[in-house]
Amino acid sequence: MRIVFLAHYAGQYGANQSLLTLVQGLRDRGASPLALLPEDGPIAAQLESVGIEYKTVPYAPWMAPVRRLWRGIPQASLNVRMRPVLSRLLAEAHADLVYSKYSVIGIGAQAAHDAGLPHLGLLYTYPS
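This text gives an overview of the structure that appears in the document. It should be emphasised that the depicted structure is a prediction, and the values quoted were computed from it without experimental measurement. (Residues numbered from 1 in each chain as written. Predicted model: local features only at pLDDT ≥ 70, side-chain atom pairs only at ≥ 80, totals over all residues. Heavy atoms only, no water.)

### Details of helix α1 (residues 14–28)
In this model, α1 (15 residues) spans 21 Å end to end at C-alpha, consistent with the 21 Å of a helix rising 1.5 Å per residue. Residues of α1 that are buried: Asn-16, Leu-19, Leu-20, Val-23 and Gly-25. Next to the buried residues of α1 lie β1 (2–6), β2 (32–37), α2 (42–49) and β4 (97–100). After α1 finishes, the residue Gly-30 shows a positive phi value of roughly 105°. (Helix = DSSP H or I, 4+ residues; strand = E, 2+ residues; numbered from the N terminus. Expected span 1.5 Å × (residues − 1). Buried < 20%, exposed > 50% of the residue type's maximum accessible area, 1.4 Å probe, protein only. Contact = heavy atoms within 4.5 Å.)

Structure below.
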């Protein structure tokens, strides 16, 4: 099974360490993972060191710590342009399933929908 994972950042902090563990475990059980990163960053070297295929494709989160209109418009514009690119990439990668943190990035679910693929989204909320 070909599973495409969209990371919401390229650092090597908790979420991406969990992602790395997940893709390694699934690969060891016969899955063929592909990680997509929104930019180059430290997690790329870790993926490469354990033999996980990855690609860098620019996309933006729809969540930010501080909301500013001047940041939101370029981010939304980037995702509008990249959505068809990601949909084609999913088709070319022969993806069977797409996984992303839907509460942080929406483009994974949108591109999966466009490509006619199921999307598994992790949705979480922050404690009040």
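### What about the nonpolar core?
In terms of nonpolar packing, the biggest core is built from 21 residues, with Val-4, Leu-6, Leu-36, Val-57, Tyr-59, Leu-86 and Leu-90 touching the most fellow members. It is helix α3 (residues 69–92) that contributes the most residues to this core, five residues altogether. Formed by 15 residues, the second largest nonpolar core is a distinct cluster that contains Ala-7, Ala-10, Leu-19 and Val-23. (Core = buried A, V, L, I, M, F, W, Y, C linked by side-chain atoms within 4.5 Å.)

Geometric values such as these leave the question of function open.
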